[in-house]
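Reading the structure
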Amino acid sequence: MKKQHFAVLFALITLVSCQSKLNYPTDSDNSKNLNSLVTLKIGDNSVFLQDFILNPTEIDSITSTSEKLECRIDSSKTTASCKVAPDMEPFVDVKLWIKGVPYSVPCRKTDKIDYVFSFKSDGKTYQKVQIAGQMNDWAPTLSPDLKLNSKGIYEVTLNLSPGTYLYQMVLDGNQNHDATNPNKVDNGYGKFNSILQVSGKGDKFPKIWTDKTNYSSITLSTENEVKKVFAYWQNFLIPVEYLIQKPGQILISIPEEAKNLDRSYIRVWVSNEFGVSNDVLVPLEKGKVLTDSKQITRADKQAQIMYFMLVDRFKNGNKANDKPMNRPDVNPKVDYWGGDLAGLQQEIDNGYFKKLGVNTLWISPLNQNPTEPYGYYAPMKTKFSGYHGYWPISSSKVDFRFGTNQEFKNLVADAHKKDMNILLDYVAHHVHNEHPFYKQHPEMTTPLYLPDGTLNTERWNDQRLTTWFDTFMPTLDLQNPKVVDIMTDSALFWLNEFKLDGFRHDACKHIPEQFWRNLTLQIKKQNQGKNLYQIGETYGSPELISSYLTTGMLDGQFDFNVYDVANTTFAGVGGSDLTQVQTILNSSLYIYGNHNLMGNISGNHDKPRFMAYASGDLKFGEDSKAAGWQREIGITDSTAYDKLSLMHVFNMTIPGIPVIYYGDEIGLTGGNDPDCRRMMRFDGWNNREARLWNMISTLTHLRSNNPVLIYGSFINIQTTKDSWVYARKYFDKEAIVFINNSSKPKTIVVELPVSIKSTTFVNIFNNKFTLNKSKLSINLPAYSAEILL
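Residues numbered from 1 in each chain as written. Predicted model: local features only at pLDDT ≥ 70, side-chain atom pairs only at ≥ 80, totals over all residues. Heavy atoms only, no water.

1. Some remarks on helix α2 (residues 341-349)
Counting buried positions along α2 gives seven out of nine residues, so the element sits mostly inside the fold. Within the span of α2, buried status applies to Leu341, Ala342, Gly343, Leu344, Gln345, Glu347 and Ile348. Glycine 351 sits one or two positions beyond α2 and adopts a positive phi of about 80°. (Buried < 20%, exposed > 50% of the residue type's maximum accessible area, 1.4 Å probe, protein only. Helix = DSSP H or I, 4+ residues; strand = E, 2+ residues; numbered from the N terminus.)

2. Remarks on the state of the cysteines
Note on terminology: disulfide describes a covalent bond linking the sulfur atoms of two cysteines. Throughout the structure, instances matching the rule amount to one disulfide. Put simply, cysteine 71 and cysteine 82 are joined by a disulfide, and their sulfur atoms are 2.3 Å apart. Torsion about the S-S bond of the cysteine 71 and cysteine 82 cystine: about 120°, corresponding to right-handed handedness. Pair noted here: cysteine 71 is in strand β4 (residues 69-73) and cysteine 82 is in strand β5 (residues 79-84), with a separation of 11 residues, a long-range link. A relative accessible area of 19% means that cysteine 71 is categorised as buried. Note on cysteine 676: no disulfide assigned, nearest cysteine sulfur contributed by cysteine 508 at a separation of 20 Å. (Disulfide = S-S within 2.5 Å.)

3. Details of the pattern of salt bridges
Scanning the model with the defined rule gives 41 salt bridges in all. For aspartate 564, the salt bridge is made with lysine 607, and the minimal N-O distance between the two is 3.5 Å. Within this pair, whereas aspartate 564 is found in helix α9 (residues 560-571), its partner lysine 607 is found in the loop between β33 (599-601) and α11 (610-614), the two being separated by 43 residues in sequence. The residues aspartate 564 and lysine 607 share a single accessibility class, namely buried. One salt bridge in this structure joins arginine 677 and aspartate 673, with 3.4 Å as the shortest N-O distance. Exposure remark for arginine 677: the relative accessible area of 4% places this residue in the buried category. Within the structure, one salt-bridge network assembled from shared partners comprises Arg327, Asp329, Glu372 and Lys383. (Salt bridge = Lys/Arg side-chain N within 4 Å of Asp/Glu carboxyl O.)

4. Comments concerning the pairing of strand β9 (residues 129-133)
Counting buried positions over the five residues of β9 gives five, a clear majority of the element. Side-chain alternation along β9 places Val129, Ile131 and Gly133 on one buried face and Gln130 and Ala132 on a second face that is also buried. The pairing of β9 with strand β12 (residues 163-171) spans five bridges and is antiparallel. Residue pairing in the sheet places alanine 132 in a bridge with glutamine 168 of β12. (Pairing = 2+ DSSP bridges.)

5. Focus: the confidence of the model for the protein chain
Confidence in the prediction of the protein chain, expressed as mean pLDDT, is 95, and 97% of residues score 70 or more. Below pLDDT 50 for its whole length, residues 1-14 participates in four contacts with residues either more than four positions away or in separate chains. (pLDDT = per-residue confidence, 0-100. Contact = heavy atoms within 4.5 Å.)

6. Some thoughts on helix α6 (residues 481-498)
Given a rise of 1.5 Å per residue, 18 residues ought to cover 26 Å, and the 26 Å separating the end C-alpha atoms of α6 matches this to within 8%. Restricting attention to buried positions, one finds in α6 the residues Val483, Val484, Met487, Thr488, Ser490, Ala491, Leu492, Trp494, Leu495 and Phe498. Contact partners of the buried residues in α6: α4 (405-417), β29 (421-426), β30 (502-505) and α7 (513-526). You can read the cap of α6 off the contacts: a side-chain oxygen lies 2.9 Å from the backbone nitrogen of lysine 482, and it is on asparagine 480. With its phi angle positive at about 60°, lysine 499 sits one or two positions after the end of α6. (Expected span 1.5 Å × (residues − 1). Polar contact = N/O pair within 3.5 Å; in protein donor to acceptor, adjacent residues only side chain to side chain.)

7. Comments concerning the side chain of arginine 263
As for its placement among the helices and strands, arginine 263 is situated in strand β22 (residues 263-271). Judged by its relative accessible area of 18%, arginine 263 is buried. At a separation of 3.3 Å, a polar atom in the side chain of arginine 263 contacts the main-chain carbonyl oxygen of leucine 284. Not counting chain neighbours up to four residues away, the residues in contact with arginine 263 comprise Pro283, Leu284, Glu285, Leu290, Gln295, Ile296, Thr297 and Asp300.

8. Quick notes on the sheet that holds strand β8 (residues 113-120)
Taken together, the three strands give an open sheet; going across it, the order is β8-β11-β10, and neighbouring strands pair in antiparallel fashion. At either end of the open sheet lies a strand with only one pairing partner, and these are β8 and β10 (147-148). As judged from the two bridges shared by β10 and strand β11 (residues 153-160), these two strands associate in the antiparallel manner. Paired with lysine 147 across the two strands is glutamate 155, which belongs to β11.

9. A look at the packing of α4 against α6
Where α4 contacts α6, the axes come no closer than 9 Å and their chain directions differ by 60°. Residues Asn405, Phe408, Lys409 and Val412 of α4 pack against Trp494, Glu497 and Phe498 of α6. Residues of the contact of α4 with α6, tallied by class, amount to four nonpolar, one polar and two charged. (Axes fitted to C-alpha atoms, helices over the stretch in contact; angles between N-to-C directions. Nonpolar A, V, L, I, M, F, W, Y, C, P; charged D, E, K, R; others polar.)

10. Digging into the packing of aromatic side chains
The description of an aromatic ring pair rests on the distance of the ring centres and on the angle between the ring planes. Counted according to the given criterion, the structure contains 44 aromatic pairs. The interplanar angle of 35° and the centroid separation of 6.1 Å between the aromatic rings of tryptophan 685 and tryptophan 693 together place this pair among those described as tilted. For tryptophan 693, a relative accessible area of 11% gives the class buried. Aromatic pair tyrosine 711 and tyrosine 730: ring centres 6.1 Å apart, planes at 35°, arrangement tilted. In this pair, tyrosine 711 sits in helix α15 (residues 708-711) while tyrosine 730 sits in strand β36 (residues 723-730), placing the two residues 19 residues apart along the sequence. Tyrosine 730 shares its class with tyrosine 711; the two are buried. The rings of Tyr307, Phe314, Tyr352, Phe353, Phe682, Trp685 and Trp693 are connected pair by pair, giving a single aromatic cluster. Residue placement shows arginine 401 over the ring face of phenylalanine 400; its charged tip is 4.9 Å from the ring centre. (Phe/Tyr/Trp six-rings, centres within 6.5 Å; stacked < 30°, edge-to-face > 60°. Lys NZ or Arg CZ within 6 Å of the ring centre and 35° of its normal.)

Have a look at this one:
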């Protein structure tokens, strides 16, 4: 035993006394973006090499750390075919070799299981019973029909990953929530979605978090058995000789090459027989662990705090470009209201965003839109203007009602001087039928009518890649390489002409992957191999959403699945349960990673405002679009402001990118589109609005000034139906978040886990607490939160 202890001690001394040297190129274009984690299914998989290597023709060979994984590169060197045996290890490293240099792609075996879903019909008999939900992207034909067993129960076996799924039952063609399942959330369209929870073995997976660091190494602490360690610097697997593993700890030597880069990263996963741990991400500043928020720049994607505004509804800064339609067939709610780039520029100059604490602006589409109204909403007998910007008739010109190309150039340049990013909402899926491209090349769009003669509009699921959104919005045939090139060039024009920092992409799931791959490749080629931040919009299953998340496509998407459950729960619908939010958040963290770049939204332009539900002025289960048209939705219960503050606390303290929808910083209310798109107000705030704004400003600055809230591991401590305690940990810095989601004051008592070692904390919102050894007690008012740092 003494010899063993001496050997470990000698190894530790050796490790911390000299940094590892990998002898790999630090300036390679293939290591400027972190290769994303790939989930491999049992059987055959296709890995797109362009996602990870800028020029795949340079690849010499492919290898892996597992004998249970067979990979070969096809003759064109565009893809690698990888066959996974059922007994393959949970995690493997795949290497793409170029002239003796191995570029690693981390890979995880799927955790899908066969799950028997059952539906008890209470004696009723149906001819056809189906399920539609996130497990099949809301297309019931993509799953087998349920069959009636001898016990009178309808059943079907689904191959699913453990996690949370929203769904509805389709009974003889009638689709609605599962009446036999009490767990449900409002879907915003007059119905509910039921909640299905599929359990797994996640409690046996290993867990890791950062513990200590010195000038040349980092130490991780672990929980549960660890069998294998995979530590990466950039896209290079750190050799085992630079790792030391002992019970409860892992020591990793920082590669010497890291000193040559202003920013590089260490990433770590560990595995055991049950599965794969959470990931750890450690940013390095010239080879040393980043610990000071002053070292963070606007190029650090994880540090973004995003603000989204519809330009027409934000601020009117130049009345000379006001051109409302003022027509009797266009309801004022869907006409132009005068918001423009001049108004946005004024608020940048006034320091509004700096005071609020956001550093990234997502701007709605600016393309020229038609001067005539289109569409029709029969209940209100109205057509619509293109005030939102999503009906482009030009691919290069700013809409004259918003400003000019030069104004936009000036705005972006000024934002950069103020250390802010600008993301433009880009529409690649469709054009308006007045667009010259459609007039000249109608053959480059998808058919408006399907072979059976039915109209191919709003076929969101069964015709996902070809459906038109309306009869005047032709869907571009982005399976045609010529169209892919044309739309890629269009996106690059906006990127280069205006010096943008990235894109928010509209309608991602309705666009084939080849477009995203082509666009991202071209961005990398124009940017010395480095990608810019791209976030997409996809409503669907986590599997569909994550299929677009790779180094070769998008960085993130908006996490509507977490939002839907969190929105219902924090708004206070009867039966709301924080354990459901925790469960779906855990699913997201497992699928997208603990350091994901997903967008955590407070709301958006296609959903009812949080405040309308929280105040009770909009009822869960009613048609929120019709309600917004038919009555004036106000705020009759001011506790809604407290509930909204909890939603912001949640978004600002969990992994991912917080996204504030304009007006949610003061509690604007409204039903669904267009009522959720009221004009922003910058003065005349009441006391509750001002208090909410101040709290959000506190939260944003707290996040920006504390790397633990950006890079810290997420640790769940205690969850009940109406309270939640969780922590973020980044080396010796820890933040503990307490949420009381009940209508009464609450004393929350928790036993802190061994991962939390701090003995002194600062209470940001001044709620009293006591800490006695590892037992922490805090008193919280109704609908309130506290953050201890």
